[in-house]
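# Fold and geometry: a report
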Amino acid sequence: MIRNSFSFLEGITEKFERSLWRRGILVWEDFCNYDRISGIEPERKRFYDRQLTEMIKELKEGNSVFFTSLLKKHEHWKLFEEFKSDTICLDIETNGLPFNYGGHITLIGLYDGYE
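Residues numbered from 1 in each chain as written. Predicted model: local features only at pLDDT ≥ 70, side-chain atom pairs only at ≥ 80, totals over all residues. Heavy atoms only, no water.

With that settled, consider a positive patch on the surface. A cluster of basic side chains, namely K15, R18, R22 and R23, defines a positive patch on the protein surface. Considering the arrangement of structural elements, one finds K15 in helix 1 (residues 14–22). (Patch = residues over 30% accessible without salt bridge, like charges linked within 9 Å, V, L, I, M, F, W, Y side chains within 5 Å. Areas by Shrake-Rupley, 256 points an atom, 1.4 Å probe, with all protein chains shown as cover. Salt bridge = Lys/Arg side-chain N within 4 Å of Asp/Glu carboxyl O. Lys, Arg positive; Asp, Glu negative; His and termini not counted. Charge placed at Lys NZ, Arg CZ, Asp CG, Glu CD. Helix = DSSP H or I, 4+ residues; strand = E, 2+ residues; numbered from the N terminus.)

See below:
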(Lines give C-alpha, C1' and ligand atoms only; values in the text may rest on other atoms or scores of the structure.)
Protein backbone atom coordinates (compact mmCIF):
# COMPACT_ATOMS: atom_id res chain seq x y z
CA MET A 1 0.00 0.00 0.00
CA ILE A 2 2.82 2.43 0.73
CA ARG A 3 3.99 2.33 -2.89
CA ASN A 4 0.51 3.53 -3.95
CA SER A 5 0.61 6.53 -1.63
CA PHE A 6 1.41 10.05 -2.78
CA SER A 7 -0.49 12.21 -0.29
CA PHE A 8 2.51 12.43 2.05
CA LEU A 9 4.28 14.53 -0.60
CA GLU A 10 3.94 18.19 0.32
CA GLY A 11 1.14 19.71 -1.74
CA ILE A 12 -0.43 16.41 -2.84
CA THR A 13 -3.90 16.10 -1.34
CA GLU A 14 -5.82 12.84 -1.04
CA LYS A 15 -8.14 14.14 -3.77
CA PHE A 16 -5.20 14.75 -6.12
CA GLU A 17 -3.79 11.34 -5.17
CA ARG A 18 -7.05 9.72 -6.33
CA SER A 19 -6.82 11.66 -9.61
CA LEU A 20 -3.32 10.22 -10.13
CA TRP A 21 -4.70 6.71 -9.66
CA ARG A 22 -7.49 7.39 -12.16
CA ARG A 23 -4.82 8.44 -14.68
CA GLY A 24 -3.00 5.13 -14.21
CA ILE A 25 -0.26 6.51 -11.94
CA LEU A 26 -0.58 3.78 -9.35
CA VAL A 27 2.91 3.43 -7.84
CA TRP A 28 5.95 5.62 -7.33
CA GLU A 29 7.74 4.26 -10.39
CA ASP A 30 4.75 5.20 -12.57
CA PHE A 31 4.94 8.75 -11.26
CA CYS A 32 8.69 9.03 -11.91
CA ASN A 33 8.30 7.63 -15.44
CA TYR A 34 6.06 10.51 -16.51
CA ASP A 35 7.89 13.57 -17.86
CA ARG A 36 4.95 15.82 -17.04
CA ILE A 37 1.86 15.44 -14.91
CA SER A 38 -1.05 17.82 -15.34
CA GLY A 39 -1.52 19.90 -12.19
CA ILE A 40 2.13 19.69 -11.12
CA GLU A 41 4.67 22.33 -12.13
CA PRO A 42 7.84 20.88 -13.78
CA GLU A 43 10.14 22.03 -10.97
CA ARG A 44 7.83 20.53 -8.34
CA LYS A 45 7.63 17.31 -10.40
CA ARG A 46 11.44 17.01 -10.35
CA PHE A 47 11.41 17.57 -6.58
CA TYR A 48 8.82 14.82 -6.12
CA ASP A 49 10.81 12.52 -8.42
CA ARG A 50 13.88 12.93 -6.19
CA GLN A 51 11.83 12.23 -3.08
CA LEU A 52 10.19 9.15 -4.57
CA THR A 53 13.52 7.83 -5.86
CA GLU A 54 14.87 8.06 -2.31
CA MET A 55 11.77 6.29 -0.99
CA ILE A 56 12.16 3.48 -3.51
CA LYS A 57 15.76 3.05 -2.33
CA GLU A 58 14.80 3.09 1.37
CA LEU A 59 12.00 0.60 0.77
CA LYS A 60 14.37 -1.79 -1.02
CA GLU A 61 16.74 -1.50 1.95
CA GLY A 62 13.89 -2.30 4.36
CA ASN A 63 14.28 0.96 6.26
CA SER A 64 10.98 1.15 8.15
CA VAL A 65 12.28 3.94 10.42
CA PHE A 66 12.62 6.21 7.38
CA PHE A 67 8.92 5.78 6.63
CA THR A 68 7.61 5.99 10.19
CA SER A 69 9.26 9.39 10.50
CA LEU A 70 7.84 10.46 7.13
CA LEU A 71 4.22 9.38 7.58
CA LYS A 72 1.64 10.64 10.03
CA LYS A 73 0.92 8.08 12.75
CA HIS A 74 -2.58 7.40 11.42
CA GLU A 75 -0.98 6.39 8.08
CA HIS A 76 1.50 3.85 9.49
CA TRP A 77 -0.89 1.04 8.51
CA LYS A 78 0.20 1.67 4.90
CA LEU A 79 3.58 0.13 5.81
CA PHE A 80 2.16 -3.18 6.96
CA GLU A 81 2.34 -5.14 3.70
CA GLU A 82 5.98 -4.22 3.08
CA PHE A 83 7.14 -4.77 6.66
CA LYS A 84 4.76 -7.42 7.99
CA SER A 85 7.55 -9.90 8.73
CA ASP A 86 8.91 -7.41 11.29
CA THR A 87 5.59 -6.00 12.48
CA ILE A 88 2.87 -6.77 14.94
CA CYS A 89 -0.46 -4.97 15.04
CA LEU A 90 -1.95 -4.25 18.44
CA ASP A 91 -5.64 -3.47 18.87
CA ILE A 92 -7.05 -2.54 22.25
CA GLU A 93 -10.80 -2.23 22.64
CA THR A 94 -12.55 -0.69 25.63
CA ASN A 95 -16.13 -0.29 26.77
CA GLY A 96 -15.86 3.38 25.77
CA LEU A 97 -16.08 4.88 29.23
CA PRO A 98 -13.32 6.93 30.90
CA PHE A 99 -11.24 4.90 33.34
CA ASN A 100 -12.50 6.80 36.40
CA TYR A 101 -16.15 6.14 35.32
CA GLY A 102 -15.95 2.38 34.98
CA GLY A 103 -13.97 2.24 31.77
CA HIS A 104 -12.04 -0.94 31.17
CA ILE A 105 -10.36 -2.96 28.45
CA THR A 106 -12.69 -5.47 26.81
CA LEU A 107 -10.34 -7.02 24.24
CA ILE A 108 -6.68 -7.02 23.26
CA GLY A 109 -5.80 -8.38 19.85
CA LEU A 110 -2.46 -9.03 18.19
CA TYR A 111 -1.83 -9.79 14.53
CA ASP A 112 1.59 -10.70 13.17
CA GLY A 113 0.62 -10.80 9.51
CA TYR A 114 -0.22 -14.49 9.59
CA GLU A 115 -2.57 -15.14 12.51
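From this point, things continue past the structure.
A separate point is helix 3 (residues 42–60). Across its 19 residues, helix 3 extends 27 Å between first and last C-alpha, which sits within 8% of the 27 Å expected from 1.5 Å per residue. Listed as buried for helix 3 are K45, Y48, D49, L52, M55, I56, E58 and L59. On its buried face, helix 3 sits against helix 2 (28–33), helix 4 (64–70) and helix 5 (80–83). In the segment just after helix 3, G62 is the residue with positive phi, at about 70°. (Expected span 1.5 Å × (residues − 1). Buried < 20%, exposed > 50% of the residue type's maximum accessible area, 1.4 Å probe, protein only. Contact = heavy atoms within 4.5 Å.)

Our focus in this paragraph is a nonpolar patch on the surface. Judged by side-chain polarity, I88, L90, I92, I105, I108 and L110 come together as a nonpolar surface patch covering roughly 610 Å² of accessible area. Listed by contribution, the elements that provide at least two residues to the nonpolar patch are strand 1 (89–94) and strand 2 (105–111). Structurally, L90 can be placed in strand 1.

A word on the pattern of salt bridges. Under the criterion given, the structure shown has 6 salt bridges. Here R3 makes a salt bridge to E29, at a shortest N to O gap of 2.7 Å. Residue R3 is found in the segment before helix 1, and its partner E29 is found in helix 2; the two are separated by 26 residues along the sequence. On the basis of relative accessibility, which here comes to 27%, the residue E29 falls in the partly exposed class. For E61, the salt bridge goes to K57, with nearest N and O atoms at 3.7 Å. Given the relative accessible area of 53%, E61 is considered exposed.

Take the nonpolar core next. Grouped together as the largest cluster of nonpolar side chains are 22 residues, with contacts concentrated most on I2, F6, L9, W28, F31, M55 and F67. Broken down by secondary-structure element, the contributors of at least two residues to this core are helix 1, helix 2, helix 3 and helix 4. Here the element with the most residues in this core is helix 3; it accounts for 5 residues. (Core = buried A, V, L, I, M, F, W, Y, C linked by side-chain atoms within 4.5 Å.)

Turning next to the side chain of S19. Here S19 is to be found in helix 1. Here F16 takes part through its backbone oxygen, which lies 2.7 Å from a polar atom of the side chain of S19. (Polar contact = N/O pair within 3.5 Å; in protein donor to acceptor, adjacent residues only side chain to side chain.)

Tracing the backbone through its elements, the reader meets M1 in the segment before helix 1. Taking the C-alpha atoms as reference points, M1 and Y101, 100 residues apart in sequence, are found 39 Å from one another. Each residue touching M1, except ones within four places of it in the same chain, is listed here: W77, K78 and E81.

Under the counting rule described, the total for this entry stands at 8 aromatic pairs. Every member of this aromatic cluster is reached through a ring pair, and the members are F8, W28, F66, F67 and F83. (Phe/Tyr/Trp six-rings, centres within 6.5 Å; stacked < 30°, edge-to-face > 60°.)

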